[in-house]
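# Examining the three-dimensional arrangement
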Amino acid sequence: MGGQPMGLGASDVVFSEATPEQRQIAWELNGASWAPPMPLDTYTVYKGHLSQQELTKDNRCRYWVLYLKGYPRQIIASCETTRKALLISENGVSREGFGYAVASVFTNPAYRRLGMAAYMLRQLKAVMDADDSECSILYSDVGKLYYATLGWKAFPSKQVTLTLLPSPTSTPVLGPQNDEKMSKRPAFKHSEPDAVRYLQQEELKDLCELDEMQLSAKFDQMAADGSTHIAFLPSYAQISWQLARSEFVAGTLFEKAPTYKGAITNDTQSWVYWAHDWREKKLKVLRIAHGLSTTMEQRIRNTKLLLEAALVEADTWGLPRVLMWNPGEVFTRGCKAAGNAHPDDVKIVFDERADTSIPSLRWSKGKDVGDTVWESNFYYCWC
């Protein structure tokens, strides 16, 4: 098929679950934009690898395409949905359920500005609404308005970034991928290195299970307040999918993967999971968890210790920034404590994303989002 399409209508296209061949074509199309720093052929292998993780395998992640009728290889738009476990508290009563994360929404450049992605998403909503799902979420990279018109309401997208500062005597050197000049600086040092222990992946499953139980207990104790509260479970399947992303890219770029996936305080009451983002050159805090019996002051101190551990890990891998989404009071105070302990080493900026990774939620069957409260809206939820 050649030439620029003059216009398309519903009678010209077919929406369906992707065949393996269509899925591959869709990955090659979106990989032209999303593959770097990986080559395209490696990117398609990477996408296949992610489709076989605990979170996504056995049809828990499904792939969808809109194609030109009569030409199934002519992909117009594509996306994917991943089924995720969640908690809901409504009128003081909690329950478990599941929802969908919509991701990788992409339109073939030859078919843009024809309303094709919007048409595809309307068809997708009908599919998701036909089962017992509670809601769907997505993360908008085109601001807040586009997906809001399709029913996904934007939620707070606040964040804090901790940037490692060069020393006054630093000299510029090439970064780990030889593509960015960075200032060589003395290695970042933890103020209390004996107060934390770094975590390897085999240690995370038990912590994730404890984290899930604690979050469930929090929902069980919520009083009726007129709002509907929702949270996606920080399961090992969810966390390990994030880690699989960073490990694959690290293996491609550096032929080795990070050993440490987080850290835990020596009192075992607070821990953090993180993931290395090589494209954005950030260490992303997936989640910080605290034991239910910990005091406010203990949580603040432990958050400071865990953030220092994250800064050490970021520095070790040449990542100049540590990122956390939607910091609450405890994280904010712990973050400031870490900054106060290292005033010449770290710059802390609190801001809000306006155009990228905007968390957005739609209740199934178009139920009013109203006063919905999205609890624990941290990076582990991202897809």
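A brief look at the structure comes next.

### Considerations on the overall build of the protein
In terms of regular secondary structure, the protein is built from eight helices and 18 strands. For the protein, whose C-alpha radius of gyration is 22 Å, the value lies close to the compact-globule estimate of 21 Å for 383 residues. The buried share of the protein, reckoned over its 383 residues, is 54%. Total accessible area on the protein is roughly 17300 Å²; 50% of this is exposed by carbon and sulfur atoms. Between the averaged position of the 43 positive side-chain charges in the protein and that of its 45 negative side-chain charges there is a distance of 4 Å.

### Here we look at the environment of Thr252
By secondary structure assignment, the location of Thr252 is in helix α6 (residues 236-254). Note on Thr252: relative accessible area 31%, which makes it partly exposed. Taking the C-alpha atoms as reference points, Thr252 and Gly370, separated by 118 residues in sequence, lie 44 Å from one another.

### Digging into the packing of helix α7 (residues 296-316) against helix α8 (residues 329-341)
Relative to each other, α7 and α8 sit at 55°, their axes nearing to 8 Å. Of the possible angle classes, the one that applies to α7 and α8 is oblique. You can see that α7 and α8 cross each other, and the crossing is right-handed. Contacts between α7 and α8 involve Met296, Glu297, Arg299, Ile300, Thr303, Lys304 and Leu307 from the first element and Glu329, Val330, Phe331, Arg333, Gly334, Cys335, Ala337, Ala338 and Ala341 from the second.

### Section: the sheet that holds strand β14 (residues 282-290)
Taken in spatial order, the seven strands of this open sheet run β10-β12-β13-β14-β15-β7-β16, and their pairing is mixed. Looking at the sheet topology across the chains shown, the edges are occupied by β10 (196-199) and β16 (346-352). Ignoring strand direction, the axes of neighbouring strands in this sheet form an average angle of 25°. Strand direction decides the pairing type here: β14 and strand β15 (residues 321-325), joined by three bridges, are parallel. Across the sheet, residue Lys282 finds its bridge partner in β15, namely Arg321. Together, β7 (158-164), β10, β12 (262-265), β13 (270-277), β14, β15 and β16 form the strand contacts of α7, whose direction differs from that of β13 by roughly 25°.

### Quick notes on the side chain of His342
Tracing the backbone shows His342 in the loop between α8 and β16. Classification of His342 as buried rests on a relative accessible area of 6%. Of note is the side chain of His342, whose polar atom sits 2.4 Å from the side chain of Glu308. Among residues more than four places away in sequence, those in contact with His342 are Phe188, Lys189, Ser191 and Glu308.

### Examining the packing of aromatic side chains
Overall, the coordinates contain 20 aromatic pairs when judged by the stated rule. Here Trp325 and Tyr379 contribute two aromatic rings whose centre-to-centre distance is 4.6 Å and whose plane-to-plane angle is 70°, an arrangement assigned as edge-to-face. On the criterion of sequence distance, the pair formed by Trp325 in strand β15 and Tyr379 in the segment after β18 (373-374) is long-range, its members being 54 residues apart. Residue Trp325 is classed as buried on the basis of its relative accessible area of 2%. Tyr379 sits in the buried class, given a relative accessible area of 4%. Taken together, the aromatic side chains of Tyr139, Phe155, Phe232, Trp241, Trp325, Trp374, Tyr379 and Trp382 make up a single cluster linked through ring pairs. Just above the ring of Phe106 sits the side chain of Arg112; from NZ or CZ to the centre is 5.1 Å.

### What to know about α7
The first and last C-alpha atoms of α7 sit 30 Å apart over 21 residues, in line with the 30 Å expected at 1.5 Å per residue. Gly318 lies just past α7 and shows a positive phi near 70°.

### With respect to the pairing of β15
Counting buried positions along β15 yields four of five residues, so the element is predominantly enclosed. Sheet topology note: the β7/β15 ladder contains five bridges and is antiparallel. Note that in β15 the partner of Gln159 across the bridge is Trp325. Running through α7, the crossover from β14 to the neighbouring parallel element β15 is right-handed.

What counts as what
- Residues numbered from 1 in each chain as written.
- Predicted model: local features only at pLDDT ≥ 70, side-chain atom pairs only at ≥ 80, totals over all residues.
- Heavy atoms only, no water.
- Helix = DSSP H or I, 4+ residues; strand = E, 2+ residues; numbered from the N terminus.
- Rg over C-alpha atoms; globule rule 2.2 N^0.38 Å.
- Buried < 20%, exposed > 50% of the residue type's maximum accessible area, 1.4 Å probe, protein only.
- Areas by Shrake-Rupley, 256 points an atom, 1.4 Å probe, with all protein chains shown as cover.
- Lys, Arg positive; Asp, Glu negative; His and termini not counted.
- Charge placed at Lys NZ, Arg CZ, Asp CG, Glu CD.
- Axes fitted to C-alpha atoms, helices over the stretch in contact; angles between N-to-C directions.
- Parallel < 35°, antiparallel > 145°, perpendicular 65-115°, else oblique.
- Left-handed = near helix turned anticlockwise from the far one by under 90°.
- Contact = heavy atoms within 4.5 Å.
- Pairing = 2+ DSSP bridges.
- Polar contact = N/O pair within 3.5 Å; in protein donor to acceptor, adjacent residues only side chain to side chain.
- Phe/Tyr/Trp six-rings, centres within 6.5 Å; stacked < 30°, edge-to-face > 60°.
- Lys NZ or Arg CZ within 6 Å of the ring centre and 35° of its normal.
- Expected span 1.5 Å × (residues − 1).
- Right-handed = clockwise from strand over helix to strand, strands pointing away.

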